[in-house]
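Below are the chains, spelled out letter by letter.
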Amino acid sequence: MNYTRVSTGSPFETSIGFSRAVRAGSWIAVSGTAPLGGDGKIVHIGDVHAQTRCCLQIMVRAIEEAGGSIGDVIRTRIMLTDIGRWQEAAQAHEEFFGEILPATTFVQVAGFIDPLWLVETEADCVLL
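Residues numbered from 1 in each chain as written. Predicted model: local features only at pLDDT ≥ 70, side-chain atom pairs only at ≥ 80, totals over all residues. Heavy atoms only, no water.

(A) Quick peek at the overall build of the protein. Check the secondary structure of the protein and you find three helices and six strands. For the protein, the N- to C-terminal ordering of α and β elements is β-α-β-β-α-β-α-β-β. Computed over the C-alpha atoms, the radius of gyration of the protein is 14 Å, within 12% of the 14 Å expected from 2.2 N^0.38 for a compact globule of 128 residues. If you line up the protein on its principal axes, its C-alpha atoms span 40 × 35 × 20 Å. In the protein, which comprises 128 residues, the proportion classed as buried is 41%. Intrachain contacts of the protein at a sequence separation of at least 6 include 70% that bridge at least 24 residues. Counting only carbon and sulfur atoms, one obtains 52% of the accessible surface of the protein, whose full area is about 6600 Å². (Helix = DSSP H or I, 4+ residues; strand = E, 2+ residues; numbered from the N terminus. Rg over C-alpha atoms; globule rule 2.2 N^0.38 Å. Buried < 20%, exposed > 50% of the residue type's maximum accessible area, 1.4 Å probe, protein only. Contact = heavy atoms within 4.5 Å. Areas by Shrake-Rupley, 256 points an atom, 1.4 Å probe, with all protein chains shown as cover.)

Rendered as structure tokens:
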């Protein structure tokens, strides 16, 4: 099987050794996506909604680069350092997926690589 690997240029992709997204046939998996700007630095410090939007924008671009579209998303995962702020992340998620309605999980985690990251996102897609 041929694989398509997508990089978004995050400095963590090379230092950890992973792809932002991998397409295998009709399936696309998107790695945990942090709120990083094009320069690799954290954006929207302290703002869960804006960080979530940033993560989702990065995810969607990676999906598109792999040959998919936002409509192909069947599952998302939203990981937060403070589950009490889930509604802020949910608002951003709804802006992207309110009509698509993928299976979704919101979960609290102990922390991320950078303590200023409040959220990371993941997605799985199936292309029909």
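(B) Expanded view of the side chain of His 49. Locating His 49 in the fold gives a position in helix α2 (residues 48–65). A polar contact of 2.9 Å, which involves the side chain of His 49, links it to the side chain of Glu 95. Not counting the four nearest positions on each side in its chain, His 49 is found in contact with Glu 88, Gln 91, Ala 92 and Glu 95. (Polar contact = N/O pair within 3.5 Å; in protein donor to acceptor, adjacent residues only side chain to side chain.)

(C) Region of the structure containing the environment of Thr 4. When you line up the elements, Thr 4 lands in strand β1 (residues 3–6). A C-alpha to C-alpha distance of 30 Å links Thr 4 and His 49, two positions 45 residues apart in sequence. Those residues in contact with Thr 4 that sit more than four places away from it in its chain are Ala 21, Val 22 and Arg 23.

(D) Region of interest: the pattern of salt bridges. A full pass over the atoms with the stated rule returns five salt bridges. Where Arg 77 meets Glu 122, a salt bridge forms, and the shortest distance between an N and an O atom there is 3.4 Å. One end of the pair, Arg 77, is in strand β4 (residues 73–80); the other, Glu 122, is in strand β6 (residues 119–126), with 45 residues separating them in the sequence. Residue Glu 122 is classed as partly exposed on the basis of its relative accessible area of 23%. For Asp 124, the salt bridge identified is with Arg 77, shortest N-O distance 2.6 Å. Pair noted here: Asp 124 is in strand β6 and Arg 77 is in strand β4, with a separation of 47 residues, a long-range link. Here Asp 124 falls in the buried class, since its relative accessible area comes to 13%. (Salt bridge = Lys/Arg side-chain N within 4 Å of Asp/Glu carboxyl O.)

(E) Representation of the packing of aromatic side chains in the model. Within this structure, the stated rule accounts for four aromatic pairs. Considering the side-chain rings of Trp 86 and Phe 106, the 6.3 Å spacing of their centres and the 80 degrees angle between planes classify their relative orientation as edge-to-face. Of this pair, Trp 86 sits in helix α3 (residues 86–97) while Phe 106 sits in strand β5 (residues 103–108), and the two are 20 residues apart along the sequence. Taken together, the aromatic side chains of Phe 12, Phe 112 and Trp 117 make up a single cluster linked through ring pairs. (Phe/Tyr/Trp six-rings, centres within 6.5 Å; stacked < 30°, edge-to-face > 60°.)

(F) Here's a closer look at the side chain of Glu 13. Inspection of the secondary structure assignment puts Glu 13 in helix α1 (residues 11–17). Residue classification places Glu 13 among the buried residues on the basis of a relative accessible area of 5%. At 2.5 Å, the side chain of Glu 13 and the side chain of Ser 7 are in polar contact. With sequence-adjacent residues up to four places away left out, Glu 13 is seen in contact with Ser 7, Thr 8, Phe 18 and Arg 20.

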